[in-house]
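A look at the structure
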Amino acid sequence: MRKLEGKTVVVTGGGGGIGGATCRRFAAEGARVAVFDLSLEAALKVADDIHEKGGRALALRCDITNRAEVDTALAQAEAELGPVEVLVNNAGWDVFRPFTKTEPAQWAKLIDINLTGALHMHHAMLPRMVERKRGRIINIASDAARVGSSGEAVYAACKGGLVAFSKTIAREHARHGITVNVVCPGPTDTALFAEYKEGAGNPEKLLEAFQRSIPLGRIGQPDDLPGAIVFFASDDAGYITGQVLSVSGGLTMAG
Ligand SMILES: NC(=O)c1ccc[n+]([C@@H]2O[C@H](COP(=O)([O-])OP(=O)(O)OC[C@H]3O[C@@H](n4cnc5c(N)ncnc54)[C@H](O)[C@@H]3O)[C@@H](O)[C@H]2O)c1
């Protein structure tokens, strides 16, 4: 992928399944990676893997729902790794149950992590990118945002909101040399998906149903996602902004 060498990248939720795979891939492309996660332990594990392979990474505990923590972590990342050119908003969380069985306290937590957290990251990062007249933002939504998903109503609302927000920010900041694109994973084998399967009541049956309905015949693995994410961050994607790409084995084919 063109021109990722030496660039500083922030990945939120970088200690998780898709986030960890994304951090490792950016590091393999020669980027310097700031691994932001609520769990410092998880972030440290990913950073250690990158160091072992000779890459450059910094693990930082950062709760994206807390603006003060976001500001502190970004300042630390820039002080140690240099100006951030690429931001991947990947941290996410879900609770799996029919909407009428959910409570407002759960909605608040879902909105805080899946929507407000990403807003904090943009609000903190955009002025820096505007000043430098360049930046790449890749937001990780979900196919639930494009086609809906039973048991994930509020999560889907947040991810749909993130898609609309991304397109608006893409328009507002194109003149500053900043692109904003969205990657939508389908069912992907991570801790989050394990919880989804449990929440659905019959994990094995659900897995079988997904496998039958996914044209490419299997659920995703974390390593299926970084190619699309790294592409949007690369110079090859310099003329692409405000776009949404599903990486879901063909499960959804949105126009
Ligand atoms: N796995 C799937 O099937 C799937 C499908 C569609 C979309 N997604 C999206 O992909 C992204 C990555 O999910 P994953 O499947 O790798 O899940 P994961 O649970 O493996 O990783 C999520 C990471 O986010 C971190 N996190 C949670 N709350 C945070 C907060 N407040 N601040 C900072 N970090 C926080 C967690 O500690 C964890 O390391 C999420 O945005 C998720 O919604 C996943």
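So, here's what we can say about the structure. Note that the coordinates shown come from a computational prediction; the quantities given were computed from them, not determined experimentally.

Conventions and cut-offs
- Residues numbered from 1 in each chain as written.
- Predicted model: local features only at pLDDT ≥ 70, side-chain atom pairs only at ≥ 80, totals over all residues.
- Heavy atoms only, no water.
- 1 Å grid on protein atoms, 1.4 Å probe; cavity = no way out; pocket = protein on both sides within 12 Å on 5 of 7 lines; lining within 4 Å.
- Points joined across faces, edges and corners; volume = space filled by probe spheres on them.
- Helix = DSSP H or I, 4+ residues; strand = E, 2+ residues; numbered from the N terminus.
- Axes fitted to C-alpha atoms, helices over the stretch in contact; angles between N-to-C directions.
- Parallel < 35°, antiparallel > 145°, perpendicular 65-115°, else oblique.
- Left-handed = near helix turned anticlockwise from the far one by under 90°.
- Contact = heavy atoms within 4.5 Å.
- Nonpolar A, V, L, I, M, F, W, Y, C, P; charged D, E, K, R; others polar.
- Near = heavy atom within 4 Å.
- Polar contact = N/O pair within 3.5 Å; in protein donor to acceptor, adjacent residues only side chain to side chain.
- Areas by Shrake-Rupley, 256 points an atom, 1.4 Å probe, with all protein chains shown as cover.
- Sits in = over half its atoms within 2 Å of the grid points.
- Disulfide = S-S within 2.5 Å.
- Buried < 20%, exposed > 50% of the residue type's maximum accessible area, 1.4 Å probe, protein only.

Examining the layout of surface pockets
The space that makes up the largest pocket amounts to roughly 1100 Å³. Lining the largest pocket we find 47 residues, and of these G92, W93, Y155, T190 and L192 sit closest to its centre. Breaking the lining of the largest pocket down by element, the ones donating at least two residues are α1 (17-28), β2 (32-37), α4 (104-132), α5 (143-147), α6 (153-173) and α7 (191-199). Element by element, the count of residues in the lining of the largest pocket is highest for α7, at 5 residues.

Quick word on the packing of α1 against helix α9 (residues 226-233)
Packing of α1 against α9 brings their axes to within 9 Å, and their N-to-C directions diverge by 50°. Classified by the interaxial angle, the pair formed by α1 and α9 is oblique. The crossing of α1 and α9 is right-handed. Between α1, through I18, A21, T22, R25 and F26, and α9, the contact on the second element is made entirely by P226, G227, I229, V230 and A233. Along the lines of polarity and charge, the residues of the contact of α1 with α9 split into 7 nonpolar, 2 polar and 1 charged.

Here we look at the site of the ligand
The environment of the ligand is formed by 28 residues, the closest being D37, N90, Y155, T188 and T190. Between the ligand and the protein, one listed contact pairs an oxygen atom with a side-chain N or O atom of T190 at 2.6 Å. Relative to its free-state accessible area of 830 Å², the ligand is covered by the protein chains to the extent of 90%. Among the cavities detected, the one that contains the ligand is the largest pocket. Elements with a minimum of two residues in the shell around the ligand: α1, α6 and α7. If one sorts the elements of the shell around the ligand by residue count, α7 sits on top with 3 residues. Looking at the shell around the ligand residue by residue, the class counts come to 14 nonpolar, 11 polar and 3 charged.

Some words on the state of the cysteines
This model, assessed by the stated rule, comprises 0 disulfides. You can see C23 has no disulfide; the closest cysteine sulfur is in C62, sitting 13 Å from it. The class of C62 is buried, set by a relative accessible area of 3%.

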